[in-house]
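# Observations on chain architecture
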Amino acid sequence: MNGEEEFFDAVTGFDSDNSSGEFSEASQKVTGMIDLDTSKNNRIGKTGERPSQENGIQKHRTSLPAPMFSRSDFSVWTILKKCVGLELSKITMPIAFNEPLSFLQRITEYMEHVYLIHRASCQPQPLERMQSVAAFAVSAVASQWERTGKPFNPLLGETYELIREDLGFRFISEQVSHHPPISAFHSEGLNHDFLFHGSIYPKLKFWGKSVEAEPRGTITLELLKHNEAYTWTNPTCCVHNVIIGQLWIEQYGTVEILNHRTGHKCVLHFKPCGLFGKELHRVEGHIQDKNKKKLFVIYGKWTECLWGIDPASYESFKKQERRGDHLRKAKLEDGSRKAESDVADDVPGAQETVQVIPGSKLLWRINTRPPNSAQMYNFTSFTVSLNELETGMEKTLPPTDCRLRPDIRGMENGDMDLASQEKERLEEKQREARRERAKGAAEWQTR
């Protein structure tokens, strides 16, 4: 595969013929956000009736049309054995790796805990606002817990739009570059309290037994009432045992959130698994002022909850903890870490829940997942609703919207053969479109 033929899943395939599944190149600008005003847009559901509502707010679906397929008979090694150390965005991957969402929809999952932004906007003090912003930054990666499927890489020019009146935001995203693959997004509060925007350029690498996703691109949150802008970058995500053994996920790296108006900074350390899995999922950090004085300590797990406490109480508790730590340390030193080999990385055992230090303040807790989540690619209730396509929605969506992709729709409906065929067809269409642009020396214009 030469440089011109390299592909990262979806390729500008919106053009030419009437692509099956109604996914064709938009020859005009995206016409705007979906109108969710029920007085103007009385959508009809599959049964011919209006979607059920509760307190005037539309209810969303609670399950996928078909359960997740089994990956047990699929040999990942046949694909990945030539990819060690390579950037996976340029490798054509089989559909067995995927989950039925586009990466643009995956980005939208940042908004599941948007109430933390609304809360930050209402806080009178910058320290309190930073606490809520830090909790939002951690919550934005919480949906990745146990999510071992790969989202479909968006086609060049693909878009996704969502308005959630019940959650108080609107969101739009677009795939603005093919090589490198860059996804841009913009969200705003329906009460004009915030703007949330950025671009994501994930670097995926295969390291023999694991796939590492290193995020590139800056995320910006603006709290309009306070004239404040916060920026940060997400931690690195790693999926272990992609060849053999049970898949498991960890996040690691340092995330720094900066308030550009006041100089307050939150430094969060997403801890790697560590010896015997002791640090799995743990997050620790602090908030400091512009003079680097530590004002607040944050701790918890990105899969569970986040707590905060004043530095003096935190240090006092840690000193007491260290006094009794030498007994546990002696036991740990008796063990030995398994050497790197061809066997699977041990899945860390279930760790105790977060030990709450007396006097701590709860900043965030993860939403409970639906009981059938394991049969739905470990989606959250929010995620399950993202690819929902009600009858009549096609008339308001631009033809570039993720919901109209026939490969993702086929996978969601459990038709893996159709999904695979459509994925290959769209990939080839995008390659052809790219070749045509190269012939005419035409540059792609974002919408």
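Since the structure is predicted, the reported quantities are computational estimates derived from the model, not experimental observations. (Residues numbered from 1 in each chain as written. Predicted model: local features only at pLDDT ≥ 70, side-chain atom pairs only at ≥ 80, totals over all residues. Heavy atoms only, no water.)

## Some details on the confidence of the model for the chain
- With 74% of its residues at a pLDDT of 70 or more, the chain shows a mean pLDDT of 80.
- Within the model, the stretch residues 335–342 combines pLDDT values under 50 with 8 contacts to residues more than four positions away or in other chains. (pLDDT = per-residue confidence, 0-100. Contact = heavy atoms within 4.5 Å.)

## Comments concerning the nonpolar core
- Counting residues in hydrophobic clusters, the biggest one holds 65 residues, and the most contacted among them are Phe196, Trp232, Ile257 and Leu268.
- Built from parts of two domains, this core gets at least three residues from each of domain 1 (71–82 + 92–323 + 354–369) and domain 2 (404–439).
- Not counting residues up to four positions away in its chain, the partners in contact with Ile257 are Met130, Val133, Ala134, Ala137, Tyr230, Thr231, Trp232, His264, Lys265, Cys266 and Leu268.
- With 9 residues, the next largest nonpolar core counts Tyr299, Trp307, Tyr314 and Phe317 among its residues. (Core = buried A, V, L, I, M, F, W, Y, C linked by side-chain atoms within 4.5 Å. Buried < 20%, exposed > 50% of the residue type's maximum accessible area, 1.4 Å probe, protein only. Domains from an automatic or database assignment.)

## Quick look at the pairing of strand β10 (residues 210–214)
- Sheet topology note: the strand β9 (residues 203–206)/β10 ladder contains 4 bridges and is antiparallel. If you follow Lys203 over to β10, its bridge partner there is Glu214.
- Relative to strand β13 (residues 236–240), β10 runs antiparallel, the two being bridged by 4 bridges. Along β13, the bridge assignment pairs Ser210 with His240. (Pairing = 2+ DSSP bridges. Helix = DSSP H or I, 4+ residues; strand = E, 2+ residues; numbered from the N terminus.)

## Some words on unusual backbone geometry
- Cis rather than trans, the peptide bond between His179 and Pro180 has omega equal to 0°.
- Structurally, Pro180 is set in the loop between β6 (169–177) and β7 (182–189).
- In the Ramachandran plot, Lys292 falls in the positive-phi region, its phi being about 70° despite a non-glycine side chain.
- As for its position among the elements, Lys292 is in the loop between β16 (282–288) and β17 (294–301).
- Despite not being glycine, Tyr377 shows a phi value in the positive range, around 60°.
- Mapping Tyr377 onto the fold places it in the loop between β19 (361–365) and α7 (381–384).

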